[in-house]
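Observations on chain architecture
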Amino acid sequence: MKGRMISPGKAKGEAIVSKESIGFYGGIDAKTGIVIEKGHPLEGKCVTDKILVFPCGKGSTVGSYVIYGLKKNGVAPKAIINKETETIVATGVILAGIPCVDHIDIEQINTGDIVTVDADHATVDLV
Amino acid sequence: MYLTQEEEKILDGEKGDVLERMFRLLTRLGDIYGADKMIPIGSVQVAGVSYKSIGDPGTEFLEDIASQGATVQVLTFLNPAGMDLENWQKIGFPNDFATNQLRIMEAFKKMGIVVTSTCTPYLAGNLPRFREHIAWSESSAVSFSNSVIGARTNREGGPSALAAALCGRTPNYGLHLWENRQPTVKIKVAAHLDFTADFGALGWYVGKQVKNKIPYFIGIQEANTDQLKALGAAMAASGAVALYHVEGLTPEADLVKTKGLEPIDVLQKDINETYEKLSSGKNPDIVILGCPHASLREIQQVTDFLKGKKLKKPLWICTSRMMKEVADRMGYTTIIEKAGGNIVADTCMVVSPIEKMGFKTTGVNSGKAANYLPGFCKQEVVFANMKKLVEAQL
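My aim in this report is to walk through the structure given alongside it, one point at a time.

Rules and cut-offs
- Residues numbered from 1 in each chain as written.
- Chains lettered and ligands numbered in written order.
- Predicted model: local features only at pLDDT ≥ 70, side-chain atom pairs only at ≥ 80, totals over all residues.
- Heavy atoms only, no water.
- Buried < 20%, exposed > 50% of the residue type's maximum accessible area, 1.4 Å probe, protein only.
- Helix = DSSP H or I, 4+ residues; strand = E, 2+ residues; numbered from the N terminus.
- Pairing = 2+ DSSP bridges.
- Right-handed = clockwise from strand over helix to strand, strands pointing away.
- Axes fitted to C-alpha atoms, helices over the stretch in contact; angles between N-to-C directions.
- Phe/Tyr/Trp six-rings, centres within 6.5 Å; stacked < 30°, edge-to-face > 60°.
- Contact = heavy atoms within 4.5 Å.
- Buried area = accessible area lost by both parts, 1.4 Å probe.
- Salt bridge = Lys/Arg side-chain N within 4 Å of Asp/Glu carboxyl O.
- Polar contact = N/O pair within 3.5 Å; in protein donor to acceptor, adjacent residues only side chain to side chain.
- Parallel < 35°, antiparallel > 145°, perpendicular 65-115°, else oblique.
- Left-handed = near helix turned anticlockwise from the far one by under 90°.
- Nonpolar A, V, L, I, M, F, W, Y, C, P; charged D, E, K, R; others polar.

In this section: the pairing of strand β13 (residues 361-364) of chain B. Residue and element names in this part refer to chain B. Here β13 shows two buried faces, one formed by Thr361 and Gly363 and the other by Thr362 and Val364. Of the strand pairs in this sheet, β13 and strand β14 (residues 380-383) are connected by 4 bridges, and their pairing is parallel. Within the sheet, the bridge partner assigned to Val364 lies in β14 and is Phe383. This β-α-β element, β13 to helix α15 (residues 367-376) to β14, shows right-handed connectivity.

Put into structure tokens, the structure is as follows:
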């Protein structure tokens, strides 16, 4: 699948897919990488070292620092794939250096799939 | 993206390491979102101020930038901090938290940022004009400035707003362009909106459904700026709404195209159900008002209501330092304190560590606060209008 490069880099790993948007501030714990938003489909799941797939960001603009914090704390996802990356996530992944691609048909990716992300060429492939 | 010679020089590192790094972030965002050039901005509001929000990684990031002597180019305000910056001891904020919070404020001050911390800069001395380009980041302030004032800003992340402040520019894309400010969904409201909290409920319900679309409201007959503030804040929290229009009330409503929009109806039962959905608890340990920061009118309303009464449990009204000054002068603060409440400035319930201060259930009249408190402050929530919340504590 071909998309748009948001933040460069390459990664390969297991996908964790949310059909709902993710707000990082108040949504994911920057110390543990665990989703803490009540009632979120991924509540209680950990995004660390996964390929995190979700349609778009939502909520507070502090989310960028949470993404940066996840990386600094060593609990960040390996890469992020979106349908549409909005500015909060984009700023976060650029600062943190997490590969990120958007404009991807994320319906085709399921949790547990092994995915390769080549953000430099804006491609996402299921292995 | 077209860059001027001066801008090329920043990217080549001629203006130092920090500016190069910050400008690179801006140009990359500009490239992603199809900006044709950089545009000068009138003011900035930087989010990511509370130690609780940004933690050690954010604090170190800010100290690093400040230590290299970079200063902001335009009037720059801050989002709420994690505590009242003057009365934190009296109100009971933890010591270790305060130490880190003050480190953050020092770093911002070094950069020339006005260290007044509020999500309502437009009430506190940073007021953009219609069509002015700005780079603001707190999501409710973004919504208010775009929608109610008609200024132009994208939803900036904390770091991208800081970068814009240091460079005096922002990439020209998104909501800076008129064609992107057109509504994409019509909201037909057929419900009573009496209290500010009703607007919060409406906003939460709509934001959840429309995500990052641009709503055009019809059927809202009257709303003051406090109510529009509550509406926008809730939509930006449950969704990612950065701009909305209200027929007859907001400045761009008569100028945009509204034909053929997909309609969504909001009925009284949707508002009632939203109150139920957002109320996970009973019997609050504390009532916290002022999300977004209370206006002077909102402080007056609470003061009038509390005069000569005694509260059983704590009550905070969160506001900006500027509003607090006037409340002090007018004697509102004394009336509220006599009733057992506090006016808390510079901070709010979402970004302060209330879960570490012994509170488990919080009463709020804000759709935005009701949205965030369960996740970020581990609170059970009672969401109701101000009178109901306060009456229950008398």
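Structure shown, so let's carry the discussion forward.
Residue and element names in this part refer to chain B. Across the sheet, which stays open at both edges, the 5 strands sit in the order β12-β11-β10-β13-β14 with parallel pairing between neighbours. Bordering the open sheet on either side are β12 (341-345) and β14, each of which pairs with just one other strand. For this sheet, the mean angle separating the axes of adjacent strands, direction not counted, is 25 degrees.

The next subject is the packing of aromatic side chains. The description of an aromatic ring pair uses the distance of the two centres, along with the angle that the planes make with each other. All names here are of chain B. In the structure shown here, the tally under the stated rule is 12 aromatic pairs over all chains. Between the aromatic rings of Phe217 and Tyr244, the centroid separation amounts to 6.1 Å while the plane-to-plane angle is 90 degrees, which identifies the pairing as edge-to-face. Of this pair, Phe217 sits in strand β7 (residues 215-218) while Tyr244 is found in the loop between α10 (225-238) and β8 (245-246), placing the two residues 27 residues apart along the sequence. Residue Phe217 is classed as buried on the basis of its relative accessible area of 0%.

Each partner contributes to the interface: chain A provides 30 residues, whereas chain B provides 37 residues. Together chain A and chain B conceal approximately 2,700 Å² of surface at their shared face, both sides included; 63% is due to carbon and sulfur atoms. It is Tyr25(A), Thr61(A) and Tyr65(A) in chain A that bury the most area against chain B; as a group they hold 27% of the surface buried on that side. If you look at where chain A meets chain B, you find 1 salt bridge. We note a salt bridge from Glu60(B) to Lys72(A), for which the minimum N-O separation is 3.4 Å. Here chain A and chain B share 7 residue pairs in polar contact (both at pLDDT 80 or more) between them. Secondary structure elements with two or more residues in the side of chain A that touches chain B: β1 (4-7), α1 (63-72) and α2 (87-96) of chain A.

Let's shift gears to the packing of helix α7 (residues 139-149) of chain B against α10(B). Working note: a packed helix pair is described by the angle between its axes plus the distance between those axes. Residues and elements named next belong to chain B. Contact geometry of α7 with α10 gives a least axis separation of 8 Å together with a crossing angle of 125 degrees. As summarised for this structure, α7 and α10 are arranged oblique, according to the angle between their axes. The chirality of how α7 crosses α10 is right-handed. Counted together, Ser139, Ser140, Ser143, Phe144 and Val148 of α7 and Thr225, Leu228, Lys229, Gly232, Ala233 and Ala236 of α10 form the full contact between these two elements. Classifying every residue of the contact of α7 with α10 by side-chain character gives 5 nonpolar, 5 polar and 1 charged.

Residue and element names in this part refer to chain B. Residues Ile264 and Val266 line the buried face of strand β9 (residues 263-267), whereas the alternating positions Pro263, Asp265 and Leu267 sit on a face that is not buried. Here strand β6 (residues 185-190) pairs with β9 via 5 bridges, running parallel. Pairing of Ala190 across the sheet is with Leu267, part of β9.

All right, on to the pattern of salt bridges then. Residue and element names in this part refer to chain B. Using the criterion set out here, one finds 23 salt bridges over all chains in the structure. The closest approach of N and O atoms between Glu355 and Lys52, which form a salt bridge, is 3.2 Å. In this pair, Glu355 sits in the loop between β12 and β13 while Lys52 sits in helix α3 (residues 51-67), placing the two residues 303 residues apart along the sequence. For Lys269, the salt bridge identified is with Asp270, shortest N-O distance 3.3 Å. Here the salt bridges do not stand alone but share partners, grouping Glu6, Glu7, Lys15 and Arg169 into one network.

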